[in-house]
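These are the residues of each chain, in order.
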Amino acid sequence: MLKVDELRVSVGGKAILQGLSLEIRPGEIHAMMGPNGSGKSTLAHVLAGRAGYEVTGGSVTYQGHDLLAMEPEERAWAGLFLGFQYPVEIPGVNNVYLLKAALNAGRKHRGEPEMDSISFLKLVREKAALMQIDDSFLSRGVNEGFSGGEKKRNEILQMTLLEPKLAVLDETDSGLDIDALKVVANGVNSMRSADRSFLLITHYQRLLDYIQPDYVHVLAEGRIVRTGDKQLATQLEADGYDGILAEAASL
Amino acid sequence: MNTAGLEKVWRDRPADWLQPAREKGMADFLDTGFPDRRSEAWKYTDAEPLADRSQAYLKTTPVALDSAQLPTESGDSLPILFVNGRLAPGQMLPAAPGLQVASLNEAPSERQAQILSRLASFPGRPREDLSALNAAFISDGLWIELAPDTVLEKPIEILFSSDGAQAAAQPRIIVSVGADSQCKLIEHYSGSGAGLVNAVTDIHCDHDARLEWLKLQLESTDSLHVALQNLSLGRNSRARLVQIELGSQLSRNDLQANLAAPGAHVDVYGLFLADGQAHMDSRLEIQHQAPNTTSQESYRGIAAGQGRGIFNGKIIVQPGADGTDAKLSNRNLLLSSTAEIDTKPELEIYADDVKCAHGATTGQLDETALFYLRSRGVDAAQARAMLVRAFAADIVTQIPLERLRQQVETELSARLARDMETDTP
Amino acid sequence: MSTKSKEVTELVEKKYQHGFVTDIEADTVPPGLDEDVVRLISSKKGEPQFMLDWRLKAFRHWQTLREPNWAKLHHPPIDYQDISYYSAPGQKKDGPKSLDEVDPKLLETYEKLGIPLHERAALAGVAVDAVFDSVSIATTFKDKLAKAGVIFCPFSEAVRDYPELIEKYLGTVVPYRDNYFAALNSAVFSDGSFVYIPEGVRCPMELSTYFRINEANTGQFERTLIVAAEGSHVSYLEGCTAPMRDENQLHAAVVELIAMDDAEIKYSTVQNWYPGDENGKGGIYNFVTKRGDCRGKNSKISWTQVEAGSAITWKYPSCILRGENSVGEFYSVAVTNNLQQADTGTKMIHIGRNSRSTIVSKGISAGRAQQSYRGLVKIFPSAESARNYTQCDSLLMGKDCGAHTFPYMEIKNPSAIVEHEATTSKIADDQLFYCRQRGLSEEDAVNMIVNGFCKEVFRELPMEFAVEAQNLLNVSLEGAVG
């Protein structure tokens, strides 16, 4: 699905990712953890093709294609979804309209017919109910005046509609209360399938109480210093990053 | 308006070393004469009283007083006293390592070329202000230079006083703040009688310099006051300006700030109180001339009695000044049915990667707050004065010197108590 | 991957679609302007003496005036003697009695513009007055309107049929002395629309005038007068297009609105005059005086404009809020691209107690265009408890364009509250990236964001025209959902 090989990325001349390698196979859930400033969000943004990041080395292959050569929307059409840590507000642009345009843009590029308004509305209401999002939110501006939790639920709603192949969720759990966290986790769990993969970027292992990852990685200073299973996350929660980082440094 | 009389007065003056600057000033002035209402910059202010008084007062050269009340270094500032626009004789000008201060009338000859070139490089904007007339009739002034890497702890406090004489004070202050230097400058105008001030202050900050600049105008209610501040900011330099306009029957202040190099930043805080018969006209022009320059302006106006307050704040972003971030806020209180507020915030933007915003509001005191205070037993006039003081406080607290902050608060309290007694909206 | 200027240019730079010329024989007076031309126009219209006298007074006053230069607009001097002041498509002497008598070429022209004039094909619920160069060629649904007591007819017809109404109201909102272009218009105006809504009547359909300049070297000087009597209500829309020509053409219109007690007038404009080519060659010079007078208590006048065309736009639809509790509104989207220049805004003059006004202005500047918002909010001492709220936002697309904001606020009543806010920025990179991450092409993302930016104004447009306006911005818009 995704193969990141010795990826090096700088921002404004400062090296952030320093030889990161990662392979995600279909159906897997990977959790990426790490202290602030370790490069987690940079990885998410580079995968989605955000401007302002300079790739200085390495490669990223996605479904056999050179991901880094693709435009952001081409990556989206190819099934890559980024759940933003800070979803942007777009005043005046109707939430449902963005969803419909996004869905139909993807369908068009896969050679599928566009979905008509009625079936679309039906679909979106179904998904919104699952995410416990009130209908009135659908007709409001994109994230306009949404609370932090509402924005995150809206991100997951978009994911369930767009049905990506690889979803990268950048700290989707941060700022959520326990109920919202469960809703978000349900959204992700309902999407799990043999041909869909997830990369969960998170600071806390709390989310992993609700979503069972196959792998847990620890990112520090721009590279993965440890890979393990769910136990690793529990250990991190108990001991903090210091122990693992010190251990990694001594190697 | 007839300027022939003024021209004759000017020709009859004895020439001094400032003559080249005076000639250019006079030529520029004669080109356009006094501003009139057709000029957009004078839309709300009639310059005729300024013209009349200039014609009357400029005939006589102001005499410098030998004052018994020369300021002494009071502990919190380095004072310099001007009376009727001339440096009071017999005073020691402040001295500190890296600091040079000279009077314009008695400038050392080795400085004169430098001063003249600075005067020539600031042509003024005829018709928009009276800086050309100031150049033609400079009464006296200062050259202040701070060497690079100098930190001046105490503010230089220039006291411009008028003693009631029919004098046209036309001071010109020229300041250079060296690279990585820090200084504070205070212009403090006060006095009695029907004076006339037409002041120009021109400050250059070299790269990474820090400037705090307070203009405090507490002239008498019979005086006319016109002032222009020109500020030029070099790379990564920062300036913080506070302007308090409380005096004069007619006050016109122009601030021109040029963010001339990348990374420059300016904060401007302003307050005017136009009460009684006062007419207060405050203008700001913030020029973003280089990339990644930032500015923030916060100006508050109060009009009471038969006062008229005018605010015009313009942000200009020149082509190529990408990364500009500029915000201007103007809030006004209109407190009587015979008072007036005219406000015009403006944006002129010629670059696309910018974030610019301005806001202006005019209204009255919050009825709920007023009611709250009255329900606690504060009488209406006092409650109103309290709320107006609170409105002014956001600016007053920016005054960098405690003594002056208190002076302004005292003045505001006294004036507002009177205004609130007489005005019932 | 910030906004690429190329793609943005493509977005705003859709080809002008109404640039064709109708090949029709026209009765056009030679270029030039003097009293004889004024008399000729008046006699061609068969006007009563009071009308001619008024025109001549206006003309003589115009001769004493100079073209205003305070706007942020630059154009070569206009040679007023090089313009033809009257042009009408050739037709039978008394004008067509019904659509069947209208030259099929003209009907076809309006068909091509998307304004079918045959009632069976026309937009349901919209009555149209079609003005071609200097004359009105057809007005639809007249009978239906007459049943409701509504007068909707070409101005020249109104001068003949309702001279007492014209004499009573003409020039009472925009006097011929008002300004240079209003004086010129008063002297030479050739046609336009007249609307009278009687007391208590809610106009049963949208009224619309469609202005078309066709002839070369002619100016268009139409005049519109709408009177809403006590308790009446009307919604009116004007549209305008012109052929692509290399020469600049002058359009100097005057619109006067009068709302009596409890009356409401909603006036919408979709202005799409030919803007000139990408090098600034050709295009209409659009100098327009529009003013509404809220004469009665509780009256309301609402201006909505979408200004997309014209090489030069000089236009400040205003409200005089004379009546107690009267309401003025101004909603504007202005788009300038290439070398277009627009200096537009509004004036809200508060005289009546408790009068209220709202101003929402959205400007989009691209290419090398320069655009200014210029507004005045004036509160007279009599306007106790007056309120104004103003919001002006500008969006910049490209490093060579400019966006400027010049709001004037003059407040003389201490119980008034006046609030103004303005912002200027480009489309945020993070908004663009967000949309693209969801699979929208950059162009679609820009379209969507620009449309969202203008939404507050578009939703004020009558339903039938909102879509046209949105298409005009080349923004594919929100569907039925929402």
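Every value quoted in this text rests on a predicted model; they were computed, and no experiment measured them. (Residues numbered from 1 in each chain as written. Chains lettered and ligands numbered in written order. Predicted model: local features only at pLDDT ≥ 70, side-chain atom pairs only at ≥ 80, totals over all residues. Heavy atoms only, no water.)

Caption draft 1: Region of the structure containing the interface of chain A and chain C. Counting residues at the interface gives 36 residues for chain A, matched by 25 residues for chain C. Taken together, both faces of the contact between chain A and chain C bury some 2700 Å²; the carbon and sulfur share is 65%. On the chain A side of the interface with chain C, the three residues burying the most area are A:Glu73, A:Val88 and A:Tyr97, jointly 21% of the side's total. Across the chain A-chain C interface, the total number found is three salt bridges. Of the charged contacts in the structure, one is a salt bridge between C:Arg436 and A:Glu73, with a shortest N-O distance of 2.6 Å. Joining chain A to chain C, the criterion identifies 13 residue pairs in polar contact (both at pLDDT 80 or more). Counting only elements with at least two residues in the side of chain A that touches chain C, the list comes to α1 (40–48), α2 (72–77), β6 (80–83), β7 (90–94), α3 (95–109), α4 (117–130) and α6 (148–162) of chain A. Looking at the side of chain A that touches chain C, the element that brings in the most residues is α3(A), giving six residues. In terms of residue class, the side of chain A that touches chain C is made up of 23 nonpolar, eight polar and five charged. (Contact = heavy atoms within 4.5 Å. Buried area = accessible area lost by both parts, 1.4 Å probe. Salt bridge = Lys/Arg side-chain N within 4 Å of Asp/Glu carboxyl O. Polar contact = N/O pair within 3.5 Å; in protein donor to acceptor, adjacent residues only side chain to side chain. Helix = DSSP H or I, 4+ residues; strand = E, 2+ residues; numbered from the N terminus. Nonpolar A, V, L, I, M, F, W, Y, C, P; charged D, E, K, R; others polar.)

Caption draft 2: How the structure looks around empty space enclosed by the protein. Residue and element names in this part refer to chain C. Applying the stated criterion across every chain yields a total of 14 cavities of 30 Å³ or more. By volume, the largest cavity is sized at about 140 Å³. Taken together, 21 residues line the largest cavity, and the ones lying closest to its centre are Ser361, Gly363, Gln371, Tyr373 and Ser394. Sorting the residues of the lining of the largest cavity by element identifies β17 (327–336), β18 (341–350), β19 (356–366), β20 (370–379), β21 (387–397) and β22 (402–411) as the ones contributing at least two each. If you tally residues by element for the lining of the largest cavity, the top one is β19, at five residues. Tallied by class, residues from the lining of the largest cavity come to seven nonpolar, 12 polar and two charged. (1 Å grid on protein atoms, 1.4 Å probe; cavity = no way out; pocket = protein on both sides within 12 Å on 5 of 7 lines; lining within 4 Å. Points joined across faces, edges and corners; volume = space filled by probe spheres on them.)

Caption draft 3: Quick peek at the side chain of C:His233. All names here are of chain C. Along the chain, His233 falls in strand β9 (residues 233–241). The buried category is assigned to His233, whose relative accessible area is 17%. In this structure, His233 is in contact with Ile197, Val201, Arg202, Cys203 and Glu264, ignoring residues within four places of it in sequence. (Buried < 20%, exposed > 50% of the residue type's maximum accessible area, 1.4 Å probe, protein only.)

Caption draft 4: Here's a closer look at unusual backbone geometry. If you check the backbone angles, A:Gln132 has positive phi at about 55° while not being a glycine. Looking at the secondary structure, you find A:Gln132 in the loop between α4 and α5 (135–138). Judged by relative accessible area, A:Gln132 falls into the exposed class, the value being 54%. Positive phi is not limited to glycine here, since B:Asp180 has a value of about 60°. Owing to a relative accessible area of 36%, B:Asp180 belongs among the partly exposed residues under this scheme.

Caption draft 5: Summary view of the sheet that holds strand β5 (residues 65–66) of chain A. Residue and element names in this part refer to chain A. Pairing is antiparallel in the open sheet, where four strands are placed in the order β2-β1-β4-β5. Bordering the open sheet on either side are β2 (14–24) and β5, each of which pairs with just one other strand. Along the sheet, α1 makes contact with β1 (2–11), β2 and β4 (54–62), crossing β1 at roughly 110°. (Pairing = 2+ DSSP bridges. Axes fitted to C-alpha atoms, helices over the stretch in contact; angles between N-to-C directions.)

Caption draft 6: Examining the environment of B:Trp42 more closely. Residue and element names in this part refer to chain B. Note on placement: Trp42 falls in the loop between α2 (19–32) and α3 (48–57). Residue classification places Trp42 among the buried residues on the basis of a relative accessible area of 0%. C-alpha of Trp42 to C-alpha of Asp281: the two residues are 239 residues apart in sequence and 9.1 Å apart in space.

Caption draft 7: Geometry of the side chain of B:Gln243. Residue and element names in this part refer to chain B. Tracing the sequence through the fold places Gln243 in strand β12 (residues 238–245). Among the polar contacts made by the side chain of Gln243, one reaches the side chain of Tyr299 at a distance of 3.5 Å. Contacts of Gln243, omitting those with residues within four sequence positions, involve Lys215, Gln229, Asn253, Leu255, Tyr269, Gly270, Leu271, Leu284 and Tyr299.

Caption draft 8: Structural view of the pairing of β9(C). Residues and elements named next belong to chain C. With nine of nine residues buried, β9 is to be regarded as a mostly interior element. Every second residue of β9 is oriented toward a common face, with His233, Ser235, Leu237, Gly239 and Thr241 on one face and Val234, Tyr236, Glu238 and Cys240 on the other, all of them buried. Where strand β7 (residues 206–212) meets β9, six bridges bridge the pair, whose relative direction is parallel. When the sheet's bridge partners are listed, Thr209 is paired in β9 with Glu238. Pairing of β9 with strand β12 (residues 264–271) involves eight bridges; the strand directions are parallel. Bridge pairing in β12 places Ser235 opposite Lys266.

Caption draft 9: Spotlight on the interface of chain B and chain C. With 33 residues of chain B at the interface, the matching set in chain C holds 31 residues. Summed over both partners, the interface of chain B with chain C buries about 2600 Å², with 50% contributed by carbon and sulfur atoms. When the buried area of chain B at its contact with chain C is split by residue, B:Tyr350, B:Asp352 and B:Gln364 rank highest and sum to 21% of it. In this assembly, chain B and chain C are joined by two salt bridges. Residue C:Lys412 pairs with B:Glu340 through a salt bridge whose shortest N-O separation is 3.5 Å. Between the two partners, chain B and chain C, sit 18 residue pairs in polar contact (both at pLDDT 80 or more). Contributions of two or more residues to the side of chain B that touches chain C are made by β19 (340–349) and β20 (354–363) of chain B. Of the residues contributing to the side of chain B that touches chain C, the split by class is 14 nonpolar, nine polar and 10 charged. Where β20(B) lies against strand β23 (residues 417–426) of chain C, eight bridges are found, and the strand directions are antiparallel. Across the sheet, B:His358 pairs through a bridge with C:Ala422, a residue of β23(C).

Function cannot be inferred from these measures alone, as they are strictly geometric.
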